[in-house]
Amino acid sequence: MSETPPPITPRQTDRWLEPGQTNVQVIYILYLAGLVIGISGIVGIVLAYINRGKAGGFIESHYTWLIRTFWIGLLYALASLVLMMVFIGFILMFAVAVWFIVRCIMGLQALGRSEPIKNPESWLI
């Protein structure tokens, strides 16, 4: 007598890949890790672009904030890199890193309170 195999259930995707709070939190963490491991920031921006427009509600402001944080931070970092020929570039690069960290922490705090980003289009904080 042979036993029948158990039914195959479809594999559910990991929740952190789906648009929503967990995904946004993962992107913030990838951005912060990107300060040490550069490639993780690129993974974060790809995830933000893939999931933008799919979550709805207050989460959309976080995706906008994340995308703008990446590109504006990259622009500021490149400008600082050019200015490293004169000493001010080193100071500006430090300021860009602080700006980037502050934006990520502010986003994580708002996400923890289930609140939207107040001004996701901002260039500053």
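Sequence order as written defines the numbering, with residues in each chain counted from 1. Selection of residues for local features in this predicted model requires a pLDDT of at least 70, selection of side-chain atom pairs for listing and counting requires 80 or more, and totals for whole chains, interfaces and linings are taken over all residues. To obtain the side-chain values, all non-hydrogen atoms of the structure were included, while hydrogens and water were left out.

## As for the overall build of the protein
1) Next: Only DSSP runs of H or I covering at least 4 residues are called helices, and only runs of E covering at least 2 are called strands; the numbering of each starts at the N terminus. Regarding its fold elements, the protein presents 4 helices and 0 strands.
2) Next: Expressed as a percentage of its 125 residues, the buried residues of the protein come to 33%.
3) Next: Considering only contacts in the protein between residues 6 or more positions apart, those separated by 24 or more positions represent 62%.
4) Next: Values of accessible area rely on a 1.4 Å probe in the Shrake-Rupley scheme; residue burial ignores everything except the protein chains shown. Split by element, the accessible area of the protein, about 8,100 Å² in all, is 71% carbon and sulfur. Partly exposed residues are those whose accessible area sits between 20% and 50% of the maximum for their type, while under 20% is buried and over 50% is exposed, using a 1.4 Å probe and protein chains only. We call two residues contacting when some pair of their heavy atoms lies within 4.5 Å.

## A short note on unusual backbone geometry
1) Next: Backbone geometry places Ser-114, a non-glycine residue, at a positive phi of 60°.
2) Next: Tracing the chain through its elements places Ser-114 in the segment after helix H4 (88-112).

## Describing the packing of helix H2 (residues 38-51) against helix H3 (residues 59-82)
1) Next: Interhelical geometry of H2 versus H3 gives an angle of 140° and a closest axis separation of 10 Å. Between H2 and H3, the angle falls in the class oblique. The element H2 and its partner H3 pack so that their crossing is left-handed. For the pair formed by H2 and H3, the contact residues are Gly-41, Ile-42, Ile-45, Ala-48, Tyr-49 and Asn-51 on the first element and Glu-60, Tyr-63, Ile-67, Phe-70 and Trp-71 on the second.
2) Next: Considering only residue class, the contact of H2 with H3 consists of 8 nonpolar, 2 polar and 1 charged. Axes here mean lines fitted to C-alpha atoms, for a helix over just the part in contact, with angles spanning 0 to 180 degrees between N-to-C directions. Reported orientations rely on four angle classes, namely roughly parallel under 35 degrees, roughly antiparallel over 145, roughly perpendicular from 65 to 115, and oblique for the rest. Helix crossings get a hand from a simple test, with the near helix turned counterclockwise from the far one by less than a right angle marking a left-handed crossing and a clockwise turn marking a right-handed one. For this classification, Asp, Glu, Lys and Arg are treated as charged, while Ala, Val, Leu, Ile, Met, Phe, Trp, Tyr, Cys and Pro are nonpolar and the rest, including Gly, are polar.

## Focus on the nonpolar core
1) Next: Only buried residues count toward a nonpolar core, which is a set of Ala, Val, Leu, Ile, Met, Phe, Trp, Tyr and Cys residues joined through side-chain atoms within 4.5 Å. If you look at the biggest cluster of nonpolar residues, it comprises 21 residues, and the most contacted ones within it are Val-24, Ile-27, Tyr-28, Tyr-31, Tyr-63 and Leu-66.
2) Next: For this core, the element with the highest residue contribution is H3, accounting for 7 residues.
3) Next: In contact with Leu-66, other than residues within four places in its own chain, are Val-24, Ile-27, Tyr-28 and Tyr-31.

## Quick look at the layout of surface pockets
1) Next: Any residue with an atom within 4 Å of a point lines the site, the site being either a cavity, points on a 1 Å grid over the protein atoms alone where a 1.4 Å probe fits but cannot get out, or a pocket, an open set with protein on both sides within 12 Å along at least 5 of 7 lines. Grid points are joined across faces, edges and corners, and a volume is the space filled by probe spheres set on the points. Taken as a whole, the largest pocket holds about 300 Å³ of empty space.
2) Next: Taken together, 14 residues form the lining of the largest pocket, with Leu-35, Gly-73, Leu-74, Ala-77 and Phe-100 sitting closest to its centre.
3) Next: Looking at the lining of the largest pocket, the elements with two or more residues in it are helix H1 (21-34), H2, H3 and H4.
4) Next: When its residues are assigned to classes, the lining of the largest pocket shows 10 nonpolar, 4 polar and no charged.
5) Next: In this model, the second largest pocket occupies a volume close to 160 Å³.
6) Next: Together, Trp-65, Met-106, Gly-107, Gln-109, Ala-110, Arg-113, Glu-115, Pro-116, Ile-117, Lys-118, Asn-119 and Ile-125 line the second largest pocket.
7) Next: Per-element accounting of the lining of the second largest pocket gives the leading share, 4 residues, to H4.

## Notes on the packing of H1 against H4
1) Next: Packing of H1 against H4 brings their axes to within 10 Å, and their N-to-C directions diverge by 160°. Our classification of the angle between H1 and H4 gives roughly antiparallel. In this structure, the crossing between H1 and H4 has a hand that is left-handed. Residue-level inspection shows Gln-21, Val-24, Gln-25, Tyr-28, Tyr-31 and Leu-32 of H1 in contact with H4, the latter providing Phe-100, Ile-101, Arg-103, Cys-104, Gly-107, Leu-108 and Leu-111.
2) Next: Along the lines of polarity and charge, the residues of the contact of H1 with H4 split into 9 nonpolar, 3 polar and 1 charged.

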